[in-house]
Amino acid sequence: MNILILGGGGREHALAWAIRQNPKCDRLFVAPGNPGMTDIARCADLDVLDGGAVVEFCALEAVDFVVIGPEAPLAAGVGDALADAGIPHFGPSAAAAQLESSKSFTKEICDACGAPTAAWARFTEADPARTYIRAKGAPIVVKADGLAAGKGVVVAMTEAEAIAAIDDMFGGSFGSAGAEVVIEEFMAGEEASFFVLCDGVNVLPIGSAQDHKRVGDGDTGPNTGGMGAYSPAPVLTDVIAQIALDRIVKPTVAEMARRGMPFKGILYAGLMIENGQPRLVEYNVRFGDPECQVLMMRLGAQVFDLLLASAEGRLDRMAVNWADDHALTVVMAAQGYPGTYQRGSVIGGLDAVPEDSRHMVFHAGTARKGGHLVANGGRVLSVTARGASLAEARAEAYAMVDKITWPEGFCRSDIGWRAL
Ligand code: AMP
Ligand code: GLY
């Protein structure tokens, strides 16, 4: 089959790496892709937010299957354009993608199906929101309703912080994403990510992970897209995963089907676990980045069969071939990230890093310039390794990091600390 992956980050490099190994894969395209993938795929220049352009590309290149990586094309309806054109694809419709693109939509679904989550209220004006915060007190969580690239959430430890967040969001800092605000009860506990494939009716868990959102060691400093991740997440035991599946994921999928917007794709449930009970923090409707890198490392080539079964409504007949080992990824970012950073610094040493089924350097923000590999984004590389234990995976990944020479880059030195 000819396969097109939309996206160009570490997540898409990992997807391409796994899919390439599947014997069903003939030609592989990634749009826009990145320099890390040029030996396994053709990188195509294509506006991935333009459903019409994607459909046209598929016709031109005889693409049989499309995997949509990031949330933006999903929310923009690229899945719907492919469905209308009869092109098989992995990823939900724009209506079903509201599970990520609208926080209040997800809270309503949870209420309708009884999925445990934080108590909440929705506001379209600042005054009643301020009154609500004063009545509830801190800690409290303030969220812009729409997509805000992971920056629309303020976990406020004081009332003043919460009110400042309200002023900020209604003041237009998040554009239309902040026109509506959700205020939530603060949930204590440990977070884990649970990844479940869905075909509209059936669900199939494919793994768990934990990421590190803060930029600094010890989980300090501002939030980022994710500075590292590991899989599995020890806190998400089999028993807790089953509870999350039965009380959160399955009721959600049933409620979505009942509303005529069946969910097909990957449901990435962010869970807060306290006293053995999971509650939903949020859904994403795509793989996490960098969580995808550790999941792909452990799943390998079978991933494509699973994505295909999800698109074709056959997940009830599929099983996952579990690797019983661990994977860990360390993100190398440009100095300054998540604030302002420079592009164009030269990255060396990659030739010295062995790449095989247990070691991969996935590229995110890289470019080729004058024969050199250079940094071209905030998060630049995702250095990933497997090991018999989490400690071994971590030692392997950091040994790879040590071989990379990039003075303008940095990484956290403690990925995995919570689990170790
Ligand atoms: P979200 O974008 O909804 O995942 O929120 C980003 C982060 O904020 C989450 O990963 C949590 O760490 C934190 N968070 C969100 N909602 C809550 C909540 N109700 N209670 C505690 N922490 C939260
Ligand atoms: N690493 C967090 C995310 O992809 O949403």
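So, here's what we can say about the structure. (Residues numbered from 1 in each chain as written. Chains lettered and ligands numbered in written order. Predicted model: local features only at pLDDT ≥ 70, side-chain atom pairs only at ≥ 80, totals over all residues. Heavy atoms only, no water.)

Let us look at helix 10 (residues 291-299). Counting buried positions along helix 10 gives nine out of nine residues, so the element sits mostly inside the fold. Just past helix 10, the residue Gly300 takes up positive phi, approximately 65°. (Buried < 20%, exposed > 50% of the residue type's maximum accessible area, 1.4 Å probe, protein only. Helix = DSSP H or I, 4+ residues; strand = E, 2+ residues; numbered from the N terminus.)

Right, let's get into the pattern of salt bridges. Within this structure, the stated rule accounts for 27 salt bridges. Notably, a salt bridge pairs Arg279 with Glu185, separated by 3.5 Å at the nearest N-O pair. Taken together, the residues span a long stretch of sequence, with Arg279 in strand 16 (residues 277-284) and Glu185 in strand 9 (residues 181-185) at a distance of 94 residues. According to the relative accessible area criterion, Arg279 is partly exposed, its value standing at 23%. Residue Glu185 is classed as partly exposed on the basis of its relative accessible area of 32%. Between Glu255 and Arg258 there is a salt bridge, and its shortest N-O distance comes to 2.9 Å. (Salt bridge = Lys/Arg side-chain N within 4 Å of Asp/Glu carboxyl O.)

On to the sheet that holds strand 6 (residues 120-123), then. The strand order across the open sheet formed by four strands is 6-9-7-8, and the pairing between neighbours is antiparallel. Two strands lie at the open edges of the sheet, namely strand 6 and strand 8 (153-156), each paired on one side alone. If you compare each strand with its neighbour and ignore which way they point, the axes differ by 20° on average. Relative to strand 9, strand 6 is paired through four bridges, and the arrangement is antiparallel. The residue bridging Arg122 from the neighbouring strand is Val182, located in strand 9. Helix 6 (residues 103-113) contacts strand 6, strand 7 (140-144), strand 8 and strand 9 of the sheet and is inclined by roughly 140° relative to strand 6. (Pairing = 2+ DSSP bridges. Axes fitted to C-alpha atoms, helices over the stretch in contact; angles between N-to-C directions. Contact = heavy atoms within 4.5 Å.)

What follows is about helix 11 (residues 302-312). Counting buried residues along helix 11, eight of its eleven residues qualify, which places the element largely inside the surrounding structure. Along helix 11, the positions that sit buried rather than exposed are Gln302, Val303, Phe304, Leu306, Leu307, Leu308, Ala309 and Ser310. Two residues or fewer past helix 11, Gly313 is found with a positive phi of approximately 70°.

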